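Next come the chains, spelled out residue by residue.
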Amino acid sequence: MSNSLNFPKSGGSPIGARIAMVDSVEKVTGSGKYADDLTLPGMLVGKILHSPHAHARIRSIDTAAAERLPGVFAVVTGRETPVKYGILPIGHDETIFAVDKALYIGDNVAGVAAETEALAEEALRLIRVDYEILPAYFDPEKSMLAEQNLIHEDRPHNIEKDYHHHFGDVQAGFAAADYVREDRFECAEVTHAALEPHSTLAKFDPDGALTVWSSTQVPYYLMKTLAATLQMPESQVRVIKPLVGGGFGGKSEVIPLELASAALARKAGRPVKITYTREEVFLAHRGRPRQFVELKTGVTRDGRLTAVDARIIQDGGAYCGYGVVTILYSGQLLNAMYDIPNVKFDGFRVLTNKPACGAMRGHGTVNTRFAFEQQLNMIAAVLGIDPVEIRRINLLHAPCITVNGLRVLSYGYPECIDKVAEKSGWKEKYGKQGYGKGVGIAGSHYVSGAANPIIRSMMPHTRVNLSIDATGTVTIFTGASEIGQGSDTMHVQIVAAELGVPIGRVKIVAADTALTPVDLGSYSSRVTFMAGNAALEAARDARNKILVVAAKKLATNIERLTIEDGEVFCIDDERLTLTFDEAVRLAIGPRETLMATGIYAPPEDAQGGKFKGAGVGPSPAYSYSAQVAEVTVDTETGEVHVDRITAAHDCGKAINPINVEGQIIGSVWMGLGQAVQEEMVWEGGRLMNAGLLEYRSASTLESPPIDAIIVESNDPEGPFGAKEAGEGSLAATIPAVAHAVYDAVGVWINTLPITPEKILKALEAKQKELQSSVVNSQPQTKTGNLHKDNGR
Amino acid sequence: MKKELVRLHINSRAREVEVEPNRILLDVLRQELGLTGSKRGCDDSSCGACTVLINGEPQMSCLMLAVSYQDQEITTIEGVADGSELDPLQRGFAVEGGAQCGYCTPGMILTAKHLLARNPEPTDQELNEALSGNLCRCTGYMQILASVRKAIELLREKQLVETQQR
């Protein structure tokens, strides 16, 4: 028996086929290589010295004893590598190692490279750092008041960035409302915790060229940052992405070890590999920030949203990272899945002396979505409108442009709502189950790639090259990064479909900056839409070149020809036929290969408005999700047991339904973690739960059944109609669970995670409230008797 | 530290290697023997990515000193396929989406292999319990459970064919 997996039967289209990922054999046999699996002759082990202080000036560093230790080949400190970098051009505030100050417990102070791990650790112990301890900031609302001992001198009040948007007229909107409510929501900090700890291997050739193998989602940005910080030409830097053991955004910007290993390799004159410990992974972080949302929403008595006003504070940690983008997403996607005429947003990204936050699955949108959907459900409860109906009442009328300038073409949200309501048995369950059992609903959406690149340029966002050689082998060259989400498989399916050849014919070379064209990386759910479109364009180009010569040979015209299942044939004359191989050989002629290329750049009308901060949020297409959560709450212990989640996701078109379902389920599961158990616990700037069990990553036993329903709205610009599938479902899970808790026991929990302690406390407060039986505890209403809360 | 000679029977093959007595089995497999299919996801037996079978029993190789496994039978993910033929579990994980990033996959497959050897028709609860020491951050476990179910189906078919051939 061969190892060929379930590729579609002869004649079936690869689009929509439930095929195994093209790299699945490597993964199930253990033969595939991740960064830490690689070794080179003479390779050294690199280790990083981390700051034990949350905010401290570095007076001096004495590395002499470490350098004298036999077997130690290099010690590097910040003075030797002072070039500042950051993933955003407006946020270059990091250095490979701290130069003047360490800004959080875990900040990078020095690096060593030695023959063994034990020697490297001993060398770290021999480094003497003289610190002057400075006052530190751990709470963003206090940090915003700081006048001195600022974290970065050029950021007054420790505010990294603030944005203030106003679309329409919220005052008028609230005046037109029959009911206005204000609530505060708090979301704890969470992190990606990909199972593969970050790892980087760096090697310098004798001619000075650098090759880096790294667990990255962004090889192109890593290549640029290595060149900038090591002061080398970009042409001398090659970044290769091996298999990556999960990213979720945690590998979507340059992580300190990636630069440290290269700096050490250069000084040591030998290859250096650094692999983080699990604790170092937690400290490298770049996860979802703690976020406070003060939200005010107005609505008419029949449920029409008239205005929304959000004040959002994010606890960004000590460096900018993606922070400016995160705070903008939290505002720009606040309103944009509903039709809301008046929107105001005040957002503050605040620096604190903790590891930097960054992009995590659902980047910037998740905590705001929790607040908005929760408040919408609270409003529906007060008005006595079914929570499913209040969403239907406020749908966008797509195609449209939202009040903040986002172009929406395909909009499968209404169908997502219908599907989950039907499949979950919403009507029979909501408000109708016994005390302790509940259902809840919520929605979410996400971008299919950012319409504007991080580094503004005229360059396309991605390019895909194809070569077809005389054997008929098709090879795709793409810079896009497979990180477990199915990027490589998506490319192969699209190219095989367009060229009309079996999937097994198509090979892929990906994410090697020396061999593959530029792709910006696996972040903002951009790969299927953007690289998929480029792959499609390249395949069309190749197909056309083949058909032109085939038409000549068969003495017919190109419009009458097609390619299917490795055969070129005339659609209305079955005698006219060539094999794909024959046609390819004709097309190649005396050359050795047939080359084709495709690019993708978002259309201008998808790039958003012109106001400050308008660049973040616009996308060529948005995914949509609606979910119903079913829970059982133990009123004795306060424990929430999630029984089932029904999740419908509009991905435009499922190129590979198995992979799309995997992404929907994985997103929902990660949302569940944030909803009920995951949380980074800090004490004085020290992370108290830097382990997978302590962080409470769920096992099989805590993971409920999740029903994934694919909704296909066929986006007019997506490749074969496809949009994103990897992130958009995460955000809806959290408010759906919170709503189900309300339906079960009648309390709204507005702080995440929804722990047993919080539920017991809320139940106790509700009990007291009922006992004192005072009527003035109703929320603010303008018309007085709108309050129809069922009082459970 | 003085090295000791340790003889390990890995994937039905005797391997001799000189290691320090404080080297953990996972590092010896990965760094000395080139068997990088076993993964390190944590440092404290939280995740199960380093799971191997010792005399058929699943154990986390990150917790074990290599020298304590003198003459023991060790199966790593590299020893699961029969030559070029994938094990039904490997096929199941490939076709049902059980391996997204693939990092937890070797440990999952070895744990499931032990379960199915003991209990070829596990209930959902038995399956969940057996896999509860292996963490995954990608799949939410649904497609992993489906992968094991697929493997059970493939194993049944295989046995049927073998019975018919006899």
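Residues numbered from 1 in each chain as written. Chains lettered and ligands numbered in written order. Predicted model: local features only at pLDDT ≥ 70, side-chain atom pairs only at ≥ 80, totals over all residues.

Things to note about the overall build of chain A
Looking only at helices and strands, one finds 19 helices and 31 strands in chain A. Whereas a compact globule of 792 residues would reach a radius of gyration of roughly 28 Å, chain A reaches 27 Å, a difference of no more than 12%. Overall size of chain A, expressed as C-alpha extent along the three principal axes, is 90 × 80 × 50 Å. Among the 792 residues that make up chain A, the fraction classed as buried is 60%. Once local pairs closer than 6 in sequence are excluded, the contacts in chain A between residues at least 24 apart make up 80%. (Helix = DSSP H or I, 4+ residues; strand = E, 2+ residues; numbered from the N terminus. Rg over C-alpha atoms; globule rule 2.2 N^0.38 Å. Buried ≥ 20, exposed ≤ 12 C-beta atoms within 10 Å, placed from the backbone. Contact = placed C-beta atoms within 7 Å.)

Regarding unusual backbone geometry
All names here are of chain A. Residue Ala-398 is joined to Pro-399 through a cis peptide bond whose omega torsion reads 0°. With respect to the element layout, Pro-399 can be found in the loop between helix H11 (387-393) and strand S16 (400-401). Cis geometry is adopted by the peptide bond preceding Pro-753, which originates at Leu-752 and carries an omega value of -5°. For Pro-753, the position within the fold is in the loop between strand S31 (751-752) and helix H19 (756-772). The phi dihedral of His-157 falls on the positive side, at around 55°, and the residue is not glycine. Here His-157 is to be found in the loop between helix H4 (140-143) and strand S7 (159-167). On the basis of neighbour count, His-157 is assigned to the partly exposed category, with 14 C-beta atoms found within 10 Å. Of note, Phe-720 is a non-glycine position whose phi angle comes to about 55°, a positive value.

A closer look at the pairing of strand S9 (residues 199-204) of chain A
Residues and elements named next belong to chain A. Most of S9 is tucked away, with six of its six residues classed as buried. Note that S9 and strand S10 (residues 210-214) share five bridges and pair antiparallel. Within the sheet, the bridge partner assigned to Lys-203 lies in S10 and is Thr-211. What sits between S9 and S10 in their antiparallel hairpin is a turn of five residues, with Gly-208 showing a positive phi close to 95°. (Pairing = 2+ DSSP bridges.)

Quick word on the pairing of strand S19 (residues 462-469) of chain A
A regular strand carries its side chains on alternate faces of the sheet. Residues and elements named next belong to chain A. Most of S19 is tucked away: six of the eight residues are buried. By the bridge criterion, eight bridges tie S19 to strand S25 (residues 593-600) in an arrangement that is antiparallel. Bridged to Asn-465 within S25 is Thr-597. Judged from the five bridges that link them, S19 and strand S20 (residues 474-478) form a sheet pairing that is antiparallel. Its bridge partner being in S20, Leu-466 is matched across the sheet by Ile-476. In this structure, the hairpin formed by S19 and S20 is closed by a connection of four residues, where Gly-472 is found at a positive phi of approximately 85°.

As for the interface of chain B and chain A
Contact with chain B, which involves 42 residues of that partner, is made by 45 residues of chain A. Listed by contribution, the elements that provide at least two residues to the side of chain B that touches chain A are helix H2 (88-95), helix H3 (105-118), helix H4 (124-131) and helix H5 (142-165) of chain B. For the side of chain B that touches chain A, the element with the most residues is H2(B), which contributes four residues. Across the side of chain B that touches chain A, the residue classes tally to 21 nonpolar, 15 polar and six charged. (Nonpolar A, V, L, I, M, F, W, Y, C, P; charged D, E, K, R; others polar.)

Section: the packing of H3(B) against H5(B)
All names here are of chain B. The interhelical angle for the contact between H3 and H5, taken along N-to-C directions, is 45°, at an axis separation of 11 Å. By the angle between their axes, H3 is oblique relative to H5. Remark: the crossing between H3 and H5 carries right-handed chirality. Residues Met-108, Ala-112 and Leu-116 of H3 form the contact with H5, whose own contacting residues are Ile-144, Val-148, Ala-151, Ile-152 and Leu-155. Residues belonging to the contact of H3 with H5 are distributed by class as follows: eight nonpolar, no polar and no charged. (Axes fitted to C-alpha atoms, helices over the stretch in contact; angles between N-to-C directions. Parallel < 35°, antiparallel > 145°, perpendicular 65-115°, else oblique. Left-handed = near helix turned anticlockwise from the far one by under 90°.)

Side note on the domain arrangement of chain A
Residues and elements named next belong to chain A. When the domains of chain A are assigned, the result is domain 1 (35-134 + 197-244 + 251-284), domain 2 (290-452 + 607-777) and domain 3 (453-601). Between the C-alpha centres of domain 1 and domain 2 there is a distance of 37 Å. If you look at the interface, domain 1 gives 20 residues, while domain 2 gives 20 residues. Of the residues in the side of domain 1 that touches domain 2, the class split is ten nonpolar, five polar and five charged. (Domains from an automatic or database assignment.)

A short note on the domain arrangement of chain B
All names here are of chain B. By the assigned domains, chain B splits into domain 1 (4-79) and domain 2 (88-165). Placing the centre of domain 1 and that of domain 2 at their C-alpha centroids yields a distance of 22 Å. Among the elements that line the side of domain 1 that touches domain 2, the one with the most residues is strand S3 (residues 51-54), at three residues. The residue inventory of the side of domain 1 that touches domain 2, partitioned by class, reads seven nonpolar, eight polar and two charged.

Here we look at the sheet that holds strand S4 (residues 57-60) of chain B
All names here are of chain B. Here we have five strands laid out as an open sheet, ordered S2-S1-S5-S3-S4, and mixed in their pairing. Two strands close off the open sheet at either side, each with one partner strand: strand S2 (13-19) and S4. Direction aside, neighbouring strands of the sheet carry axes that sit 40° apart on average. Both S3 and S4 contribute to a ladder of four bridges, which runs antiparallel. Along S4, the bridge assignment pairs Val-52 with Gln-59. Most of the contacts of H3 go to S3, to which it runs at about 35°, and overall it touches S3, S4 and strand S5 (73-75).

Notes on the packing of helix H17 (residues 657-676) of chain A against helix H18 (residues 730-745) of chain A
Residue and element names in this part refer to chain A. Packing of H17 against H18 leaves a shortest axis separation of 7 Å and a crossing angle of 45°. The angle between H17 and H18 falls in the class oblique. Crossing handedness for the pair H17 and H18: right-handed. Across the interface between the two elements, Ser-667, Val-668, Met-670, Gly-671, Leu-672, Gln-674, Ala-675 and Val-676 of H17 pack against Leu-730, Ala-731, Thr-733, Ile-734, Val-737 and Ala-738 of H18. The residue makeup of the contact of H17 with H18, split by class, is ten nonpolar, four polar and no charged.

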